[in-house]
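Remarks on the overall topology
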Amino acid sequence: KSISAACADDPEASITAAMGGTQPAAATCEHPIDEHLKLSRKLNVSSTPSIVLEDGQLVLGYHSASGLLKVIAQRAAASQM
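A few points on the structure. Counting of residues starts from 1 at the beginning of each chain's written sequence and follows it residue by residue. Thresholds applied to this predicted model are a pLDDT of at least 70 for local features of residues and 80 or more for the giving and counting of side-chain atom pairs; totals over whole chains, interfaces and linings are not thresholded and use all residues. Remark: hydrogens and water are excluded; side-chain values derive from all non-hydrogen atoms of the structure.

Digging into the overall build of the protein
For the record, the criterion: Think of it this way: any DSSP run of H or I at least four residues long counts as a helix, any run of E at least two long counts as a strand, and we number them from the N terminus. All radius of gyration figures rest on C-alpha atoms, and the globule criterion is 2.2 Å times the number of residues raised to 0.38.
Within the protein, the secondary structure is distributed over 4 helices and 2 strands. From first element to last, N terminus to C terminus, the protein shows the α and β order α-α-α-β-β-α. In terms of overall size, the protein is more extended than a compact globule, its C-alpha atoms giving a radius of gyration of 15 Å where 81 residues would be expected to give roughly 12 Å. Projecting the C-alpha coordinates of the protein onto the three principal axes gives extents of approximately 50 × 30 × 15 Å.

Some points on the layout of surface pockets
Heads up, the condition is: Here a cavity denotes a set of grid points, spaced 1 Å apart and computed over the protein atoms alone, in which a 1.4 Å probe fits but from which it cannot get out, and a pocket denotes an open set meeting protein on both sides within 12 Å along at least five of seven lines; residues with an atom within 4 Å of a point are reported as lining. Grid points are joined across faces, edges and corners, and a volume is the space filled by probe spheres set on the points. Throughout this entry, Asp, Glu, Lys and Arg are counted as charged residues, while Ala, Val, Leu, Ile, Met, Phe, Trp, Tyr, Cys and Pro are counted as nonpolar. The remaining residues, Gly among them, count as polar.
Within this model, the largest pocket holds a volume of roughly 820 Å³. Considering the residues around the largest pocket, the lining is formed by 22 residues, among which H36, S47, T48, P49 and S50 are closest to the centre. Those elements giving two or more residues to the lining of the largest pocket turn out to be helix 1 (2-6), helix 2 (11-19), helix 3 (33-42) and strand 1 (50-52). For the lining of the largest pocket, the per-class residue count stands at 14 nonpolar, 7 polar and 1 charged.

Regarding the state of the cysteines
Keep this limit in mind: We call a pair of cysteine sulfur atoms a disulfide whenever their separation is within 2.5 Å. Burial classification: accessible surface area is computed with a 1.4 Å probe over protein chains only, and a residue below 20% of its type maximum counts as buried, one above 50% as exposed, and the rest as partly exposed.
Scanning the entire structure with this criterion turns up 1 disulfide. Here C7 pairs with C29 through a disulfide, and the sulfurs are 2.0 Å apart. Sign of the S-S torsion, about -80° for the bond between C7 and C29, identifies this disulfide as left-handed. Here C7 is found in the loop between helix 1 and helix 2, whereas its partner C29 is found in the loop between helix 2 and helix 3, with 22 residues between them in sequence. The exposure class of C7 is buried, given its relative accessible area of 12%. Assessed through its relative accessible area of 36%, C29 is described here as partly exposed.

Focus on unusual backbone geometry
For N44, which is not a glycine, the phi torsion comes out positive at approximately 60°. Within the secondary structure, N44 sits in the loop between helix 3 and strand 1. A residue is classified by how much of its surface remains accessible, and N44, at 69% relative accessible area, is exposed.

Printed below as a string of structure tokens:
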């Protein structure tokens with residue numbers, strides 16, 4: 001499912017639709033998904049989405065764009081103390 005979505009003509013729209021429950025049309029291409037899965041296992045990251053900030057801090061779970069900016073700003077402020 002994730003490979004088909006990532007390999008679609010419009011990956012962003014296909015991934016968004018897949019997250020909403022729509023099955024993407026079958027597609028294949030060169031993709032980094034297997035490498036990403038290996039890295040996530042190595043780092044013991046199992047939440048989707050997971051974001052690793054520049055300083056190595058981990059942000060788990062969905063955040064709206066404004067919510068994510070707020071989390072990043074809070075963590076940046078805390079790291080400067």
